[in-house]
Amino acid sequence: MAILTYHHIGECPDGQEASRSLWVGRELFRAHLQWLSNYGWKGVTLDNIFDGITGQRPLPRRWVAITFDDGFRDNYLYAMPVLRDCGFPATVFMITGKLQNGDPGGNWDDYVSADEVLEMRSSGIEIGSHTRTHPRLTSMDNNGVRAELVSSRDNLLAITGEVPRWLSYPYGNFSPRIAEIARQVGYSGAVSTIRGNRVTLPQLFWMPRVMIMGDTKPRQLDYKLSWLYHVTHALKNRQRWVSLRKA
Ligand SMILES: [Zn+2]
């Protein structure tokens, strides 16, 4: 079981070498999904995970959730068709201040448009918030944090007609204070960048994820989804988990 984190799907353009590791090629992405299918992993949404860990509806034995941070247009152009072909749902976290109605086709730094958000939503992709301006939330006061979380929520509501349930903290930067504000303004939970591949109820507002990079080979998913990965990262992160449990 795991929530996987992707960013870009496609070839890293010239001049963007600094972020090369965030670019997963289209064929590699397809190979990841095919590997998951072949080994019996079932795609789920964060809604499904919520239902599973709150005991409302059991999750498949081998579940995996695919998430994308930032809402780059390549998610719409390249990831969505592959997800559809392979029968996997996904969650895309939008920086709502970057949503635009730019040129179709776009280039590397384009973000999806409101129309594309809607189309993704109708193809079974969950739309979540990645805030309005992608700030480091822990360096803001409560009013500032609330404004980021409320305005991005309202913006997505206006586009899709649904209140977004899920939040992804920019840079994985959060604290129990930020999580509490997210809860107060109505999010059901949030994903973090803490590494791990199990999700429990107390982790609902800092769900761990597994980072997928441009050089992640399909067979490496075997380790990333394993018990060994879980134990290794649970040990590495134990101080963090202890401090969050106390909060
Ligand atoms: Zn981000």
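To be clear, the structure that these remarks concern was listed above.
I will try to describe carefully the structure that is included in this document. Keep in mind it's a predicted model, so treat the numbers as computed, not measured. (Residues numbered from 1 in each chain as written. Predicted model: local features only at pLDDT ≥ 70, side-chain atom pairs only at ≥ 80, totals over all residues.)

1. Quick word on the overall build of the protein chain
Piece 1. Assigned secondary structure in the protein chain consists of nine helices and 10 strands.
Piece 2. Whereas a compact globule of 247 residues would reach a radius of gyration of roughly 18 Å, the protein chain reaches 17 Å, a difference of no more than 12%.
Piece 3. Counting only C-alpha atoms, the protein chain reaches 45 × 40 × 35 Å along its principal axes.
Piece 4. In the protein chain, which comprises 247 residues, the proportion classed as buried is 42%.
Piece 5. Long-range contacts, defined as pairs at least 24 residues apart, comprise 64% of the intrachain contacts of the protein chain with a sequence gap of at least 6. (Helix = DSSP H or I, 4+ residues; strand = E, 2+ residues; numbered from the N terminus. Rg over C-alpha atoms; globule rule 2.2 N^0.38 Å. Buried ≥ 20, exposed ≤ 12 C-beta atoms within 10 Å, placed from the backbone. Contact = placed C-beta atoms within 7 Å.)

2. Description of helix 6 (residues 176–184)
Piece 1. Those residues of helix 6 not exposed but buried are I178, A179, I181 and A182. All buried residues of helix 6 project into a common sector of 160° when viewed along the axis, lining one side.
Piece 2. On its buried side, helix 6 packs onto helix 5 (142–160), strand 8 (166–168) and strand 9 (189–195).
Piece 3. Downstream of helix 6 by a residue or two, G186 has a phi angle that is positive, lying close to 110°. (Arc of directions from axis to C-beta.)

3. Observations regarding unusual backbone geometry
Excluding glycine, a negative phi dihedral is what most residues carry, and trans is how most peptide bonds are arranged.
Piece 1. Despite not being glycine, D70 shows a phi value in the positive range, around 95°.
Piece 2. Tracing the sequence through the fold places D70 in strand 5 (residues 63–70).
Piece 3. For D70, a count of 20 C-beta atoms within 10 Å puts it in the buried group.
Piece 4. Phi at H134 is positive, roughly 60°, even though this residue is not glycine.
Piece 5. Within the fold, H134 resides in the loop between strand 7 (125–129) and helix 5.
Piece 6. Of the residues examined, H134 has 17 C-beta atoms within 10 Å and is grouped as partly exposed.

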